[in-house]
Amino acid sequence: MAFMKKYLPPILGIFLAYHYYSANEEFRPEMLQGKKVIVTGASKGIGEQMAYHLAKMGAHVVVTARSKETLKKIVSHCQELGAASAHYIAGTMENMTFAEQFVAKAGKLMGGIDMLILNHITNASMSLFSGDIHLVRRSMDVNFLSYVVLSTTALPMLKQSNGSIVVVSSKAGKMASPLIAPYSASKFALDGFFSSLRMEHSVAKINVSITLCILGLINTDTAMKAVSGILNIEASPKEDCALEIIKGGALRQEEVYYDNSVWTALLLGNPGRKVLEFLSLRSYSLDKFIIN
């Protein structure tokens with residue numbers, strides 16, 4: 001108890017200061033000029049907008065989604081906007097072999113990878129969970145497991161470039177929400193896996209940043225259709241959301257919160273968890289991390 005009274009307030013203060021002041025570091029579009037970036041789920045919505053922002057910044061871009069014809073148009077527009085180069089590779093993230101091969105092909109096309117932006121999800125309607133195990137499995141495969149496969153395959157190239165992994169998640173991966181149990185489970189899994197991986201990178205001195213992006217309701221066509229008649233809240237613009245995700249990755253922030261409420265980052269940022277994670281490392285033999 002004495003330890004908590006003595007050390008908890010200053011530790012909490014440090015984490016709060018880090019949270020608020022690190023977010024104010026200046027972003028410059030030229031940070032992405034010439035960078036080699038992968039964007040998944042790029043045929044529409046936030047992914048499409050990220051591809052366009054990156055193109056305007058002069059990045060090399062490889063996009064992927066299932067629709068070959070749509071990706072062709074997006075790549076063409078990226079070239080018009082000034083991308084250093086733009087390519088597409090079509091396929092489904094339900095296929096883990098494709099996910100693995102996609103990263104290898106993208107890395108070969110660009111000559112490496114500086115930033116991996118994981119954005120794709122599987123389609124799912126908002127409804128009470130009725131025991132559909134197939135939906136749970138598909139959600140975990142596409143929304144979570146494929147992210148693990150993609151990041152694992154990209155990691156050797158990202159280590160070479162001191163690059164970044166950007167994981168697009170949701171408020172549903174930080175708090176309980178009805179009608180989306182399988183989706184929510186997959187998003188909670190992203191937080192658990194990538195936050196733990198970030199801690200391993202920090203201890204093992206691996207200079208690959210991991211940014212977890214927690215999004216509220218965004219005005220993509222898919223999201224608006226899904227919540228129609230169910231949710232009555234204001235959606236945030238996908239164009240601005242896409243830019244905030246890119247900024248967070250470029251600034252190597254641990255978490256990005258984008259929502260129409262000022263309370264989201266404050267309440268879900270959870271400095272108490274950060275303190276506990278910091279203190280928990282005292283119980284580990286840190287030499288084990290270096291050896292492995």
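Residues numbered from 1 in each chain as written. Predicted model: local features only at pLDDT ≥ 70, side-chain atom pairs only at ≥ 80, totals over all residues. Heavy atoms only, no water.

The name given to the protein in an unreviewed UniProt entry is 11-beta-hydroxysteroid dehydrogenase 1, with Suricata suricatta as the source organism.

**Considerations on the pairing of strand E4 (residues 115-118)**
Note the cut-off: Relative accessible area decides the class of each residue, using a 1.4 Å probe on protein chains only: under 20% of the type maximum gives buried, over 50% gives exposed, and in between gives partly exposed. To qualify as a helix, a DSSP run of H or I must reach at least 4 residues; to qualify as a strand, a run of E must reach at least 2; elements of each kind are numbered from the N terminus. DSSP-based pairing: two strands are paired if at least 2 bridges between them are found.
What you see with E4 is no split at all: Met-115 and Ile-117 on one side and Leu-116 and Leu-118 on the other are buried throughout. Sheet analysis places strand E1 (residues 36-40) next to E4, joined by 3 bridges and oriented parallel. Directly across from Val-39, in E4, lies its bridge partner Ile-117. Alignment of E4 against strand E5 (residues 164-170), held across 4 bridges, turns out to be parallel.

**Some points on the packing of aromatic side chains**
Basically, it comes down to this: The pairing test for Phe, Tyr and Trp rings, Trp by its six-membered ring, is centres within 6.5 Å, and the orientation test on the planes gives stacked under 30 degrees, edge-to-face over 60, and tilted for anything in between.
Counted under the stated rule, the structure contains 3 aromatic pairs. On the numbers, 6.1 Å between centres and 80 degrees between planes, the contact of Phe-144 with Phe-193 is edge-to-face. With Phe-144 in helix H5 (residues 133-161) and Phe-193 in helix H6 (residues 181-203), the pair connects residues that are 49 residues apart, well separated along the chain. For Phe-193, a relative accessible area of 28% gives the class partly exposed. Pairing Phe-193 with Phe-194 gives two aromatic rings, centres 5.0 Å apart and planes at 85 degrees, and the pair type is edge-to-face. Of the aromatic side chains, those joined through ring pairs into one cluster are Phe-144, Phe-193 and Phe-194.

**What to know about the pattern of salt bridges**
So the rule is basically this: The term salt bridge refers to a side-chain nitrogen of Lys or Arg lying within 4 Å of a carboxyl oxygen of Asp or Glu.
All chains considered together, the criterion is met by 10 salt bridges. Close ionic contact of Lys-174 with Asp-191 constitutes a salt bridge, the shortest N to O distance being 3.1 Å. A residue pair is termed long-range when its members are at least 10 positions apart, and Lys-174 in the loop between E5 and H6 and Asp-191 in helix H6 qualify at 17 residues. For the pair Lys-174 and Asp-191, a shared accessibility class is recorded, and that class is buried. With a closest N to O distance of 3.9 Å, Glu-239 and Lys-238 form a salt bridge. On the basis of relative accessible area, Glu-239 is assigned to the partly exposed category, the value being 33%. Classification of Lys-238 as buried rests on a relative accessible area of 18%. It is possible to trace a salt-bridge network through shared partners that takes in Lys-174, Asp-191, Glu-255, Arg-273 and Glu-277.

**Notes on helix H10 (residues 271-280)**
Stated precisely, the cut-off is as follows: Throughout, the arc means that of the directions going from the helix axis to the C-beta atoms.
Looking at H10, one finds that the buried residues are Lys-274, Val-275 and Leu-279. All buried residues of H10 project into a common sector of 130 degrees when viewed along the axis, lining one side.

**Here we look at the nonpolar core**
Formally: Residues enter a nonpolar core if they are buried and are Ala, Val, Leu, Ile, Met, Phe, Trp, Tyr or Cys, with the set joined through side-chain atoms within 4.5 Å. Between two residues, a contact is recorded if the distance between any of their heavy atoms is within 4.5 Å.
If you look at the biggest cluster of nonpolar residues, it comprises 36 residues, and the most contacted ones within it are Met-50, Leu-54, Ile-117, Leu-215 and Ile-245. A per-element tally of this core places helix H2 (residues 45-56) first, with 6 residues. Setting aside residues no more than four positions away along its own chain, Leu-215 makes contact with Ile-46, Val-168, Ser-169, Ser-170, Lys-171, Cys-241, Ile-245 and Tyr-258. Counting 34 residues, the second-largest nonpolar core is a separate cluster that includes Met-93, Val-103, Phe-194 and Val-208.

**As for the packing of H2 against helix H8 (residues 238-250)**
So the rule is basically this: Here the axes come from fitting lines to C-alpha atoms, over the contacting stretch only for helices, and the angles between their N-to-C directions go from 0 to 180 degrees. Whether a crossing is left-handed or right-handed is set by the direction in which the near helix is turned from the far one by less than a right angle, anticlockwise for left-handed and clockwise for right-handed. In this classification, Asp, Glu, Lys and Arg are treated as charged, Ala, Val, Leu, Ile, Met, Phe, Trp, Tyr, Cys and Pro as nonpolar, and every other residue, Gly included, as polar.
Where H2 contacts H8, the axes come no closer than 8 Å and their chain directions differ by 65 degrees. Like other packed secondary-structure pairs, H2 and H8 cross with a definite hand, here right-handed. Packed against H2, whose contacting residues are Gly-45, Ile-46, Gln-49, Met-50, His-53 and Leu-54, the element H8 presents Lys-238, Glu-239, Cys-241, Ala-242, Leu-243, Ile-245 and Ile-246 at the interface. Its residues assigned to classes, the contact of H2 with H8 comprises 8 nonpolar, 3 polar and 2 charged.

**Digging into the sheet that holds strand E2 (residues 60-64)**
The strands making up a sheet associate through hydrogen bonds between their backbones, and the pairing can be parallel or antiparallel. One open sheet holds the 7 strands; their spatial order is E3-E2-E1-E4-E5-E6-E7, and the pairing between them is parallel. Looking at which strands have only one partner, the edges of the open sheet turn out to be strand E3 (85-88) and strand E7 (255-258). Recorded for the sheet is a direction-independent mean angle of 15 degrees between the axes of neighbouring strands. One ladder, built from 4 bridges, connects E2 with E3; its direction is parallel. When the sheet's bridge partners are listed, Val-63 is paired in E3 with Tyr-88.

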